[in-house]
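A structural walkthrough
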Amino acid sequence: MVSSFNGYKLFMKNLIVATSNPGKLKEMGAYLTGLDWQLQLKPEEIEIEETGATFAQNAALKASQVAKILGQWSIADDSGLCVTALDNAPGIYSARYGKNDSERIARLLRELGDNSQRQARFICAVAVANPSGEIVCESTGICEGEIIFTPQGDSGFGYDPIFYVPEYNLTFAQMPPDLKRQVSHRGKAFAAIIPKLIH
Ligand code: ITT
């Protein structure tokens, strides 16, 4: 693909978006649109095992391995919800906390019970790897909030209906996409990394 800018033809480099999660893909795709990168989805058959101990390690692992396998630039996000009263669970295991979004939400609400300590934070680490698999830039975004007792709203994905942001008096699932982008862990992580992706 070529694009033109100030009369010059620029060759757009491919950037593989290394996720299998449709909710994350929708947000990542929106945040990366309009840059001089040709976005491509990671082939489904490539699955990277998340063996890291932190969000940053897992993001780097996913970006690096996908880049190496395909010989292309790659961007990955590792994210999750850390609930203070649950010793920061599910944390890096957020995707593995249940079979689907409703089971994960039900388990979290069950484990938290009627605990009045509802403080939680979403964390997102993003990493970009070059075609050799070297990490060239990384960022992290955090959003503080609370776990509500009953799911509210139907936008977004994952734990969005139970993650309430007091400043806006809304859950993530009640926010329009532009507001979630402004406030969320992923929006902040991408805002920090996008300037480094402009070439
Ligand atoms: P990939 O590794 O293929 O990208 P994944 O779903 O396995 O997909 P993670 O390991 O990063 O991704 O797990 C993140 C989980 O945390 C995700 O499955 C959701 O359950 C939750 N999560 C992350 N960001 C979220 C958000 O913005 N809103 C709601 N839930 C979110």
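Please refer to the structure higher up on the page.
An account of the accompanying structure is given in this report. (Residues numbered from 1 in each chain as written. Predicted model: local features only at pLDDT ≥ 70, side-chain atom pairs only at ≥ 80, totals over all residues. Heavy atoms only, no water.)

**Describing helix α1 (residues 22-32)**
Of the positions making up α1, those classed as buried are G23, K24, E27, M28, G29, Y31 and L32. Buried residues along α1 sit in contact with β3 (13-17), β4 (37-41), α2 (55-70), β5 (73-83), α4 (177-183) and α5 (185-197). Where α1 begins, one side-chain oxygen reaches toward the backbone nitrogen of G23, 2.8 Å away; that side chain belongs to N21. One or two steps after α1, the chain reaches G34, where phi turns positive at roughly 90°. (Buried < 20%, exposed > 50% of the residue type's maximum accessible area, 1.4 Å probe, protein only. Helix = DSSP H or I, 4+ residues; strand = E, 2+ residues; numbered from the N terminus. Contact = heavy atoms within 4.5 Å. Polar contact = N/O pair within 3.5 Å; in protein donor to acceptor, adjacent residues only side chain to side chain.)

**Looking at the layout of surface pockets**
Within this model, the largest pocket holds a volume of roughly 710 Å³. Lining the largest pocket we find 29 residues, and of these N21, K24, E50, K62 and A95 sit closest to its centre. The set of elements that each furnish at least two residues to the lining of the largest pocket consists of α2, β5, α3 (101-112) and α5. With four residues, the single largest contributor to the lining of the largest pocket is β5. Counted by class, the lining of the largest pocket contains eight nonpolar, eight polar and 13 charged residues. Within this model, the second largest pocket holds a volume of roughly 300 Å³. (1 Å grid on protein atoms, 1.4 Å probe; cavity = no way out; pocket = protein on both sides within 12 Å on 5 of 7 lines; lining within 4 Å. Points joined across faces, edges and corners; volume = space filled by probe spheres on them. Nonpolar A, V, L, I, M, F, W, Y, C, P; charged D, E, K, R; others polar.)

**A short note on the site of the ligand**
Residues in contact with the ligand amount to 20 residues; listed here are only the nearest, T19, K24, K62, D160 and K180. Interatomic distance of 2.6 Å between a side-chain N/O atom of T19 and an oxygen atom of the ligand. A distance of 3.2 Å separates an oxygen atom of the ligand from a polar side-chain atom of D78. The fraction of the free accessible surface of the ligand (610 Å²) that becomes covered by protein chains is 92%. Because more than half of its atoms lie within 2 Å of the grid, the ligand is assigned to the largest pocket. Considering each element in turn, the shell around the ligand owes the most residues, four residues, to β5. (Near = heavy atom within 4 Å. Areas by Shrake-Rupley, 256 points an atom, 1.4 Å probe, with all protein chains shown as cover. Sits in = over half its atoms within 2 Å of the grid points.)

**As for the pairing of β4**
In the sheet, β3 pairs with β4 via five bridges, with the strands oriented parallel. Paired with V17 across the bridge in β4 is L41. Handedness of the crossover joining β3 and β4 through α1: right-handed. (Pairing = 2+ DSSP bridges. Right-handed = clockwise from strand over helix to strand, strands pointing away.)

**Some points on the packing of aromatic side chains**
Under the definition given, this model contains five aromatic pairs. Seen in terms of ring centroids, W37 and W73 are 5.4 Å apart; in terms of plane orientation they differ by 65°. Their pairing is edge-to-face. Taken together, the positions of W37 in strand β4 and W73 in strand β5 put the pair 36 residues apart, joining distant regions of the chain. We note that W37, like W73, is buried. An angle of 50° between the planes, with centres 4.8 Å apart, marks the rings of F163 and F172 as tilted. In this pair, the class of F163 matches that of F172, namely buried. Ring-pair connections join several aromatic residues into one group, and the members of that group are F122, F163 and F172. Directly above the ring of Y97 sits R107, whose terminal nitrogen or CZ lies 3.9 Å from the centroid. Lying over the aromatic face of F149, R118 brings its terminal NZ or CZ to 3.7 Å of the ring centre. (Phe/Tyr/Trp six-rings, centres within 6.5 Å; stacked < 30°, edge-to-face > 60°. Lys NZ or Arg CZ within 6 Å of the ring centre and 35° of its normal.)

Shape descriptors only; they carry no functional weight alone.
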